[in-house]
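# Residue-level structural notes
Here are the chains, one letter per residue:
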Protein chains: 4
Amino acid sequence: MKNTFGSSVSVTLFGESHGAEIGTVIDGLAPGLPVDESFIAAQLTLRRPAGKISTARREADPFRIVSGVFEGKTTGTPLALLIPNADTRSGDYTRGAFRPGHADYTANVKYHGFEDYRGGGHFSGRVTAALVAAGAVVISALKQKGILIGTHIARCAGISDAPLGDLSVDLPRLNSLPFAVLNEAQGQKMQLAVEAAAAEGDSVGGILETAVTGLPAGVGEPWFDTLEGVLAHALFSVPAVKGVEFGSGFSFADLRGSEANDPIRKDPEGIRTLTNHNGGINGGISNGMPLLFRCAVKPTPSISKEQLSVNGLTGENETLQVRGRHDPAIVHRARVVVDSVTALVLCDQLAQRFGTDWLGEAGI
Amino acid sequence: MKNTFGSSVSVTLFGESHGAEIGTVIDGLAPGLPVDESFIAAQLTLRRPAGKISTARREADPFRIVSGVFEGKTTGTPLALLIPNADTRSGDYTRGAFRPGHADYTANVKYHGFEDYRGGGHFSGRVTAALVAAGAVVISALKQKGILIGTHIARCAGISDAPLGDLSVDLPRLNSLPFAVLNEAQGQKMQLAVEAAAAEGDSVGGILETAVTGLPAGVGEPWFDTLEGVLAHALFSVPAVKGVEFGSGFSFADLRGSEANDPIRKDPEGIRTLTNHNGGINGGISNGMPLLFRCAVKPTPSISKEQLSVNGLTGENETLQVRGRHDPAIVHRARVVVDSVTALVLCDQLAQRFGTDWLGEAGI
Amino acid sequence: MKNTFGSSVSVTLFGESHGAEIGTVIDGLAPGLPVDESFIAAQLTLRRPAGKISTARREADPFRIVSGVFEGKTTGTPLALLIPNADTRSGDYTRGAFRPGHADYTANVKYHGFEDYRGGGHFSGRVTAALVAAGAVVISALKQKGILIGTHIARCAGISDAPLGDLSVDLPRLNSLPFAVLNEAQGQKMQLAVEAAAAEGDSVGGILETAVTGLPAGVGEPWFDTLEGVLAHALFSVPAVKGVEFGSGFSFADLRGSEANDPIRKDPEGIRTLTNHNGGINGGISNGMPLLFRCAVKPTPSISKEQLSVNGLTGENETLQVRGRHDPAIVHRARVVVDSVTALVLCDQLAQRFGTDWLGEAGI
Amino acid sequence: MKNTFGSSVSVTLFGESHGAEIGTVIDGLAPGLPVDESFIAAQLTLRRPAGKISTARREADPFRIVSGVFEGKTTGTPLALLIPNADTRSGDYTRGAFRPGHADYTANVKYHGFEDYRGGGHFSGRVTAALVAAGAVVISALKQKGILIGTHIARCAGISDAPLGDLSVDLPRLNSLPFAVLNEAQGQKMQLAVEAAAAEGDSVGGILETAVTGLPAGVGEPWFDTLEGVLAHALFSVPAVKGVEFGSGFSFADLRGSEANDPIRKDPEGIRTLTNHNGGINGGISNGMPLLFRCAVKPTPSISKEQLSVNGLTGENETLQVRGRHDPAIVHRARVVVDSVTALVLCDQLAQRFGTDWLGEAGI
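Quick caveat, the model's predicted, so the values are computed rather than measured.

On to the relation of the copies chain D and chain B. Rotating chain D by 180 degrees about the axis while translating it 0.0 Å along that axis superimposes it on chain B, leaving an RMSD of 0.0 Å. The superposition operator between the copies reduces to a two-fold rotation axis. Of the interface residues in chain D, 100% have counterparts in chain B that sit at the interface too, so the contact is made through matching surfaces.

Attention shifts here to the pattern of salt bridges. Overall, the coordinates contain 67 salt bridges over all chains when judged by the stated rule. A salt bridge links B:R118 to B:D116, with the shortest nitrogen-to-oxygen separation between them at 2.9 Å. Accessibility assignment for this pair places B:R118 and B:D116 in one class, buried. Among the salt bridges present, the one from C:D357 reaches B:R353, with a minimum N-O distance of 3.3 Å. Taken as a pair, C:D357 in the segment after α8 (331-354) and B:R353 in helix α8 (residues 331-354) lie in two separate chains rather than in one. With respect to burial, C:D357 and B:R353 carry one shared label: buried. Taken together, the shared-partner salt bridges in this structure form one network comprising A:E21, A:R64, C:E21 and C:R64.

Before going further, it helps to spend a moment on the packing of aromatic side chains. Per the stated rule, a full pass over the model turns up 30 aromatic pairs over all chains. For the pair A:F224 and B:F5, a centre-to-centre distance of 5.6 Å together with 45 degrees between the ring planes defines the contact as tilted. Of this pair, A:F224 sits in the loop between β10 (206-213) and α6 (227-235) while B:F5 sits in strand β1 (residues 4-5), which puts the two residues in different chains. On the numbers, 6.3 Å between centres and 65 degrees between planes, the contact of B:Y111 with B:F123 is edge-to-face. Here the residue B:Y111 occupies a position in helix α2 (residues 104-111), and B:F123 occupies one in the loop between α2 and α3 (128-144), the gap between them amounting to twelve residues.

As a further point, take the interface of chain B and chain A. Residue-level contacts link 103 residues of chain B with 103 residues of chain A. Of the roughly 8,400 Å² buried between chain B and chain A on both sides combined, carbon and sulfur atoms contribute 59%. Considering only the surface of chain B that becomes buried against chain A, B:W223, B:F224 and B:K242 emerge as the three largest contributors, covering 12% of it. Linking chain B to chain A there are ten salt bridges. Between A:K266 and B:E316 there is a salt bridge, with the nearest N and O atoms lying 3.2 Å from each other. The tally of links from chain B across to chain A stands at 58 residue pairs in polar contact (both at pLDDT 80 or more). Classifying every residue of the side of chain B that touches chain A by side-chain character gives 47 nonpolar, 34 polar and 22 charged. Note that strand β11 (residues 241-246) of chain A and strand β11 (residues 241-246) of chain B share three bridges and pair antiparallel. If you follow A:E245 over to β11(B), its bridge partner there is B:G243.

Basis of the calculations
Residues numbered from 1 in each chain as written. Chains lettered and ligands numbered in written order. Predicted model: local features only at pLDDT ≥ 70, side-chain atom pairs only at ≥ 80, totals over all residues. Heavy atoms only, no water. Least-squares fit on C-alpha atoms with pLDDT ≥ 70 in both. Contact = heavy atoms within 4.5 Å. Salt bridge = Lys/Arg side-chain N within 4 Å of Asp/Glu carboxyl O. Buried < 20%, exposed > 50% of the residue type's maximum accessible area, 1.4 Å probe, protein only. Helix = DSSP H or I, 4+ residues; strand = E, 2+ residues; numbered from the N terminus. Phe/Tyr/Trp six-rings, centres within 6.5 Å; stacked < 30°, edge-to-face > 60°. Buried area = accessible area lost by both parts, 1.4 Å probe. Polar contact = N/O pair within 3.5 Å; in protein donor to acceptor, adjacent residues only side chain to side chain. Nonpolar A, V, L, I, M, F, W, Y, C, P; charged D, E, K, R; others polar. Pairing = 2+ DSSP bridges.

In structure tokens, the structure reads:
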């Protein structure tokens, strides 16, 4: 299965940037979960480009749910959700040079030229709108079970945010912010840096850091469905993500065991670790501490500076200047996509572990 | 499926550190692949502890293949391979304090105390011997199709190896080295640093960098089975891997699009990129350039220094000193595990893409 | 995965009888397959109720493809197709007594009362319209590769059709008939018998017999994905199918080995068997002879005769008289659903065996 | 995945008739299930040939469990079990004519001649010993949860057994019988008929009828993982099974809806149906009534009568007389294989529905 992820709870994606509609099917949801359409709309707003640091393409994303919800609650059968593509300007796109850093060339090889090349087609970040809508359904359900997910822009254009502190404060706050940083001043600097890059026809990358609280211990597998593995598998679907690390991640390389091991202590609330270098996962299985991971987001490949490439029709070398409306950064928009993917993966893991009704038990 | 990975070509792992045997079943192999038992043995030797910088546990790994090979070649039906556990000293292990950094606590929660706790049981790095044996079968087959995989210790105990250069030279050389570094002097420094940590009852971490040449363009999926995603999924099963990045990975965060995009050029050999920041993958699909990725390996959690923990039987806090034979570093041993996992994932991807016979076509 | 079937080529179903739309996502299709919307419409017509022997519910099924097709051909990325529900009379349905023979009670237990009960909801035969549309896409593609599928009503209301004869004549003929029988006179008797049952407020069952020609030898697996197993798995999703047999099926019970074994002979066209008791499959793998299988279809459970049941709201016994528009037989409508399911399964098997491009190779 | 079946609980098979060992890996078992090796041995005895009506090949099946069991109970990690092949006489088999009714030809096409042809290799019924051993582990666990499975030889060599009556009596009784019939006199006739066929160098077929009591309502899916579909998928792996029907199965063809629908009634024990034409399944989901299904078993293809075939080496027509030791019937031996497959499928379904611990809860 290619465009479907998950076992007990699965999500399927379809659609192209310039097709009629994009959409998603979420299957295996517990019956009886309240579906709050205004929350879905709010999450889509977080993903939608806004302000000077995003593409000028603006769409209200008037999604509609065509199955799987009855009288405001999930039925337990597949929930299909569609989002029309309203503001498409296909004229901006012609089959021409393969855009460097994009999937144009690889799609062309894989699909033998039959791919819908307009605006990146099925590879477009546009498809993440469906993913965010799908995620919104389960983010609410996880919240009801005490599981909270939040992501901040840990770094953007070379500027760092403050580190995560008290998660019970930081996560709800981040989830309410359109530009998710803990330190507002640093966030201002990031946005100015993005604008500066945009002014030069260029783009910037960044790092997203995610935390999850309330996940029970005992979720995940030793081989091969480690919690790290299944999360990373899904996270690499978020366009532009090129690295995923858990806990201390690449910093582990320079630590000693005595520094890296998290001491274990019993306290009144149960068994915890005094540090969380392992990001809440040991041996592939959650240990009850907050999940912590970071995603590297490469700079948006769509830049208006001149680039070298090959023409897809003629096969000849040429110089390319990408037109169309583009994002000088996507790290701030990708943040809600990362949250959504995380929520979908965790729902699946929890349903596998505790059964298909577990997520809905609060309401049953 | 938990301990099985892959769709067209799948690998299943079983066994515990102190059980009778560990083993693997590889299913979906093309028929007619030569199975070179001496190469399997050689790969197992690369994984096996050796010298001062590894555990004193030594096993000859006298594996045996019990199915799926007939007259020296794969039959196309499941290949099962078993490795007896010879040198087990279970007396070294008793159910006591949860070892920090290990899976003892998470296994205890997940399996309700029924887990085989001796030596980490099914979570033990010992199980990677089966993974290496499985990988050896397909590494040979990939080589016949011109696909070469190699890994070096890019960093260990804070010391860096030289960067990868000409892969046609470096990969074969790395595959012949017991301690896989490009710069021998740096390798010596790493080993001394490991010995120094060991002398203090401590351990060190590192980074493994892998390259794959010869992989055809067009392999992988946009969502969710991106080549990054499926590789990362499997790589996080390698014990102690806590981060995976492709191409420029986390360095992308500080690059601009104009630096990060790989210019595309047509040359006599086909379409290539002038740089390889994307590590051979665009939009989740191979682009014909070398695959490049790095795995962060945390320091071995087994250290002999005193640590704080909780006793698994009494549930009370206590101070723990881990006994038994341990590795002060595993990064040098994990390298062949990473190669093996990579080979298994690529075989599966290639069989999905080109059919179940493809890998064996050279011999059919 | 629940509402998704297949590995290399997969199909996902969603929607309810009285929801806004039903639909399907087909993933993994070879790129470049021509998509003939008029053929899809024609197949939907074969499934659609017509005449006196079907429900009075009539819908034109104005499907639309929202992704995966570009310039008239498959792109290789997911094809999503939606069919609006036009002629719904939800007023006919209220949550009342569980209808005997239907899924009302089991859905109620499984989904804890959150299921959309109207018209059977997601369990409705209505959803097979999406399946037929999905099947139509691949039936055309298989035809281009010389693989032909056809089904006749072998038995209905106790009346038998003539046996299959020369498949190169029978299959194309059956595919053009609205009521798929080889012997027209027997078909007339069947229809009269259905009308007679309808007049009594009752319904009838039957048997569908399917043949597939042109399937290459070597497709299927010994364990567990036998060709019989994967076909049966999918065929039991066709509502009312309660039995599947291959070749001589249940008649094998009374045969001897010397009668049941198919003698093998070499002739100018290759290796064939003189008889086809095994229905084209040995050891779970196709042998190059026509596939032959039969599906038992139970009588439509919706009858207007009085029945005993339990009220879903009160939990009390009551007498039920099912209202609404119903089919006194579905065997004649199910025939195109069986063809569609068969085509989807074979596409998946062929793509697994020969790679993802195989089905489209004619056009590439 | 080919030789692996199941999602939450999966079983993998490997081995060949004349290889060193056959075996199985069961993954996803709840931790804490008691593993009774004497029950495994007893189940293997039921499968093992005995008396005049079976092959002269006799093996004690001295299985060994090499992982996944600790201190007599399942650990929750993969249970691997191996059975050596002791009494192999490979000399009886040479690559010669494809045996009609066997997989020799299809294996040869699929595996390009690299298959282990000796004794049917991986296609051999011998591999079902591993399946029976795997099944034995879960049959015990299901029994602890009140779920009982039993099968009788409903028909053999044209002779019928008595119908199933009170399942609470019949199932335990059948499970204790080496030749599983309800009517002993009919069983004697069957055995005489098998001997008569054997004396003529021929073989006979039959029908196995299985019942399952105690399965909770609400297990299974509407599309595509209907309980019928997943059971049939696995049952068609039992060698020689060519048909599977549920409840009234093919008899539904001649029933009317008013006869076929099972009236629903509330009684003190809950909601039940007065008849069980649907075999305990509506809309693909268990309804709390006993599961009832029947498998058609074709006559053993190995007969000593002369048959027409093609030589696998020369490609020429020839007359074949199969040598070696063969079963004139396998229906009586297949019965415990059917029980085992059923148990494995139900465990998987229950674990998907209620979580991975459910089956072990009695012991946790």
